[in-house]
Amino acid sequence: MPHWLLKSEPDVFGYPDLECVGREPWNGVRNYQARNNLRAMQVGELCLFYHSNAKPNGIAGVARVSVGAHPDNLQFDPLSDYYDPKSPPGDPRWSMVEVQPVRAFPRLLTLDDLRAMPEWQESPLTRRGTRLSVLPVTDTEFRSALSAVGLDADSL
């Protein structure tokens, strides 16, 4: 089963916020490659929840896709920062999924931690300049991230 990494700024919406609300739409993504990743996500797949633009950046927990890809509601809302007047309702340009919390990490697994892990050397996340907010993660990367903070992927 594929795994994913979702980036969010913790001062806007962090993993503790996801735990509080229980389920959240992952909307507002306006990059075609990230959108395609959202469209590939299936219900039940696990995601690493990554805090970006933070000091430090890092993985804060695990989420699960609870609702598969469907049209992003914000693209049709003229009051939204994510409004896209060129997106036709009959053929929406942007998609979203919904996610729910699974398990908070006992500590933040920082980007520096990930860069030091051999399993993450080929990941786009650990390369400078990667800006995608939704990334695929290999099973090896996923399991090594959990193991680094003392969690077992098979127990999720």
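Values in this document were obtained by computation on a predicted structure and should not be read as measured data.

A.B. asks: Requested: an account of the side chain of S95, with residues and values cited.
C.D. replies: Residue position: S95 is located in strand β5 (residues 95–110). Separated by 2.8 Å, the side chains of S95 and R39 make a polar contact. Setting aside chain neighbours within four positions, we find S95 in contact with W26, R35, L38, R39, H70, P71 and D72.

A.B. asks: I'd like a description of the pattern of salt bridges, backed by residues and values.
C.D. replies: Applying the stated rule across the entire model yields six salt bridges. Residues D72 and R30 are paired through a salt bridge, measuring 2.9 Å at the closest nitrogen-oxygen approach. Linking D72 in the loop between β4 (58–71) and β5 with R30 in the loop between β2 (24–26) and α3 (32–40), this pair joins segments that are 42 residues apart in sequence. What makes D72 buried here is its relative accessible area of 0%. By relative accessible area, R30 is classed as partly exposed at 28%. Put simply, D154 and R143 hold a salt bridge, and the shortest N to O gap is 3.0 Å. On the criterion of sequence distance, the pair formed by D154 in the segment after α5 (139–148) and R143 in helix α5 is long-range, its members being eleven residues apart. A residue is classified by how much of its surface remains accessible, and D154, at 57% relative accessible area, is exposed. One salt-bridge network, held together by shared partners, links D139, R143 and D154.

A.B. asks: Just give me the short version of the packing of aromatic side chains, but keep the residues and values in it.
C.D. replies: Per the stated rule, a full pass over the model turns up three aromatic pairs. Ring centres 5.4 Å apart and planes at 80 degrees place the aromatic pair Y15 and F49 in the edge-to-face group. Placement of the pair is Y15 in helix α2 (residues 15–21) and F49 in strand β3 (residues 46–51), with a sequence separation of 34 residues. Judged by its relative accessible area of 2%, Y15 falls in the buried class. On the basis of an interplanar angle of 85 degrees and a centroid distance of 5.5 Å, the ring pair of W26 and F49 is categorised as edge-to-face. Within this pair, whereas W26 is found in strand β2, its partner F49 is found in strand β3, the two being separated by 23 residues in sequence. By the burial criterion, W26 is buried, and F49 matches it. Taken together, the ring pairs connect Y15, W26 and F49 into an aromatic cluster.

A.B. asks: Explain the layout of surface pockets to me, using residue names and the numbers behind them.
C.D. replies: Volume-wise, the largest pocket comes out at about 880 Å³. Taken together, 30 residues make up the lining of the largest pocket; nearest its centre are K7, S8, E9, S52 and S133. Mapped by element, the contributors of at least two residues to the lining of the largest pocket are β1 (3–8), α1 (10–13), β2 and α4 (111–116). Its residues placed into classes, the lining of the largest pocket shows twelve nonpolar, ten polar and eight charged.

Cut-offs and rules
- Residues numbered from 1 in each chain as written.
- Predicted model: local features only at pLDDT ≥ 70, side-chain atom pairs only at ≥ 80, totals over all residues.
- Heavy atoms only, no water.
- Helix = DSSP H or I, 4+ residues; strand = E, 2+ residues; numbered from the N terminus.
- Polar contact = N/O pair within 3.5 Å; in protein donor to acceptor, adjacent residues only side chain to side chain.
- Contact = heavy atoms within 4.5 Å.
- Salt bridge = Lys/Arg side-chain N within 4 Å of Asp/Glu carboxyl O.
- Buried < 20%, exposed > 50% of the residue type's maximum accessible area, 1.4 Å probe, protein only.
- Phe/Tyr/Trp six-rings, centres within 6.5 Å; stacked < 30°, edge-to-face > 60°.
- 1 Å grid on protein atoms, 1.4 Å probe; cavity = no way out; pocket = protein on both sides within 12 Å on 5 of 7 lines; lining within 4 Å.
- Points joined across faces, edges and corners; volume = space filled by probe spheres on them.
- Nonpolar A, V, L, I, M, F, W, Y, C, P; charged D, E, K, R; others polar.

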